[in-house]
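Coordinate inspection notes
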Amino acid sequence: MLEKRTADVIIIGGGIMGCSTAYRLAKEGLDVLVLEKKEIGNGGSCRNAGGVRQSARDPKELPLAMYAVANIWPTLSEELGVDVEYVQKGNIRLGLTEKDIGILEAHTAKSTKVGLDVKMISGDEAREICPYMSKEIIAASWCPTDGHANPLKATLGYYRKALEMGVTFITGVRVLALEKVAGRVCKVVTDDGVYEAPQILLCAGYESRAIANTVGVDVPVERQFNEVLVTEAMPKMFDIMLGVAGGEFYGHQSEHGSFVLGGNSGLQAFTSNNAGENFVTNPLTAPSISRGIMRYFPCLKDVKVVRTWSGWYDQCIDVLPVIDNVKEVPGLTVAFGFSGHGFGISPAVSLAIKELMTEGKSKTIDISQLTYDRFKTKS
Ligand SMILES: Cc1cc2nc3c(=O)[nH]c(=O)nc-3n(C[C@H](O)[C@H](O)[C@H](O)COP(=O)(O)OP(=O)(O)OC[C@H]3O[C@@H](n4cnc5c(N)ncnc54)[C@H](O)[C@@H]3O)c2cc1C
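Residues numbered from 1 in each chain as written. Predicted model: local features only at pLDDT ≥ 70, side-chain atom pairs only at ≥ 80, totals over all residues. Heavy atoms only, no water.

Describing the nonpolar core
Counting residues in hydrophobic clusters, the biggest one holds 51 residues, and the most contacted among them are Ile 11, Leu 64, Trp 73, Tyr 158, Val 167, Ile 323 and Val 349. Where this core is concerned, the elements lending two or more residues are strand 1 (9-12), helix 1 (16-27), strand 2 (32-36), helix 2 (62-80), helix 5 (151-164) and helix 8 (346-359). Tallying contributions element by element places helix 2 first for this core, with 9 residues. Counting contributing residues, this core receives three or more from each of domain 1 (1-87 + 145-219 + 318-379) and domain 2 (91-143 + 222-316). Among all residues touching Tyr 158, those that are not within four sequence positions of it are Ile 16, Cys 19, Ser 20, Tyr 23, Ile 72, Leu 76, Leu 80 and Pro 347. (Core = buried A, V, L, I, M, F, W, Y, C linked by side-chain atoms within 4.5 Å. Buried < 20%, exposed > 50% of the residue type's maximum accessible area, 1.4 Å probe, protein only. Helix = DSSP H or I, 4+ residues; strand = E, 2+ residues; numbered from the N terminus. Domains from an automatic or database assignment. Contact = heavy atoms within 4.5 Å.)

As for the pattern of salt bridges
Counted according to the given criterion, the structure contains 19 salt bridges. Arg 57 is the partner of Glu 61 in a salt bridge, and the nearest nitrogen-oxygen pair spans 3.0 Å. Asp 239 is paired through a salt bridge with Lys 89; the nearest N and O atoms lie 3.5 Å apart. Within this pair, whereas Asp 239 is found in the loop between strand 13 (221-231) and strand 14 (241-244), its partner Lys 89 is found in the loop between helix 2 and strand 4 (91-95), the two being separated by 150 residues in sequence. (Salt bridge = Lys/Arg side-chain N within 4 Å of Asp/Glu carboxyl O.)

Some remarks on helix 7 (residues 285-296)
Taking 1.5 Å of rise per residue, the 12 residues of helix 7 would be expected to cover 16 Å, and the 17 Å separating its terminal C-alpha atoms lies within 8% of that figure. Those residues of helix 7 hidden inside the fold are in contact with strand 4, helix 3 (98-113), strand 13, strand 14, strand 16 (259-263) and strand 17 (305-316). (Expected span 1.5 Å × (residues − 1).)

Thoughts on the domain arrangement of the protein chain
Along its sequence, the protein chain is carved into domain 1 (1-87 + 145-219 + 318-379) and domain 2 (91-143 + 222-316). When each unit is reduced to the centre of its C-alpha atoms, the spacing between domain 1 and domain 2 is 26 Å. Counting from both sides, the interface comprises 37 residues of domain 1 and, opposite them, 30 residues of domain 2. Interface area for domain 1 against domain 2, summed over the two sides, is near 2,800 Å², with a carbon-plus-sulfur share of 59%. (Buried area = accessible area lost by both parts, 1.4 Å probe.)

A look at the site of the ligand
Close to the ligand lie 37 residues; Glu 36, Asn 42, Ser 45, Val 175 and Gly 344 are nearest. Within the backbone of Ala 49, an N or O atom sits 3.2 Å from a nitrogen atom of the ligand. Between the ligand and Val 175, the relevant distance is 2.9 Å, taken from a nitrogen atom to a main-chain nitrogen or oxygen of the residue. If the ligand stood free it would expose 1,000 Å²; the protein chains cover 96% of that surface. Ranked by residues supplied to the shell around the ligand, first place goes to strand 17 with 3 residues. (Near = heavy atom within 4 Å. Polar contact = N/O pair within 3.5 Å; in protein donor to acceptor, adjacent residues only side chain to side chain. Areas by Shrake-Rupley, 256 points an atom, 1.4 Å probe, with all protein chains shown as cover.)

Some remarks on the sheet that holds strand 9 (residues 175-181)
The strand order across the open sheet formed by 3 strands is 9-10-11, and the pairing between neighbours is antiparallel. Each end of this open sheet is capped by a strand with a single partner; those strands are strand 9 and strand 11 (193-196). Averaged over neighbouring strand pairs, the angle between their axes works out to 30° when direction is ignored. Where strand 9 lies against strand 10 (residues 184-190), 6 bridges are found, and the strand directions are antiparallel. Bridged to Val 175 within strand 10 is Thr 190. (Pairing = 2+ DSSP bridges. Axes fitted to C-alpha atoms, helices over the stretch in contact; angles between N-to-C directions.)

Below is the structure:
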């Protein structure tokens, strides 16, 4: 059989954005080819902490989060034929100080303005929702429709479904550049030669910036190192998603009892592991996350940490993604810069991308504030 080199659409990056969009486009009858430099789910998509959260999001991306929670997550397991362990039992974001309350109130006010069901509650009300919390907690924000899911199962579920729909995945091929012919991008240059398609979706995490640069497009995205730890399995204590105003940690208790907790030490930019494509964890981070959790949940102090892992955020300067057709480069659609919170919105992002690529604009969900050209230079 001849090796596949052309398609209707080439997707660069086999993360949850690439896999879920491939699935949606194939359902529309398009011939889709995904190019992935390592293996499917190599990036943040299989390394994240599973938060499916609307609360504490910028109102500019809330339409994606609210659409995904209302319309896609509840039936995703059925749609993909795999249990993605979606649990919708709310997100509580905790505060210990007056400064924390200020942060929580500001988030809450912004979100309620655009119709999200989120409110401030007292420390005692928080302890009614979850009795294991420290007495030091003085307030919290509470969003009952938030939740969490299993990132591996969701990402690989989309991958399997895309395969079933006839999508071709080529792994171990690194995209180096894009090239235009007669003003339209159609060539994808890789370390394994050239692939061609009239439409190209660039969703390769932080590496998207360098690839976009090759056709004169720049988006202020840099990579940021983050980690997750997992504990031994404990008897079921709670189903909610946890966050804290100060950002020391976030996470949840998984289906089988382990706590999955993400965070960073605040010093990771200066550590030796923050180099190359290294996924080695840093000795400072797990203790930092653990000290954080012990302040809020002293009862977890003897729980053993069994594993840690790391991943890169594609951090955009305004902490929001770019999801758009690039006007100056016909044929190119971009979706990156998810800034550490793309998993929860991914099922809705792929719907928006599908509409961008097949109808020229996102009709179902308002992504008008997530354009690639929203950034202003100094002068
Ligand atoms: C530690 C951690 C915790 C997180 N926690 C949460 C959370 O709780 N909730 C939440 O909503 N989000 C969370 N996120 C963010 C979330 O994981 C991402 O926003 C989301 O997975 C982005 O998906 P993606 O498909 O755009 O990117 P990725 O999953 O990074 O996929 C990009 C793919 O492109 C490939 N690639 C890169 N360069 C090239 C190239 N040159 N050629 C070919 N392929 C290439 C990569 O190998 C990768 O597989 C977390 C992220 C991390 C790292």
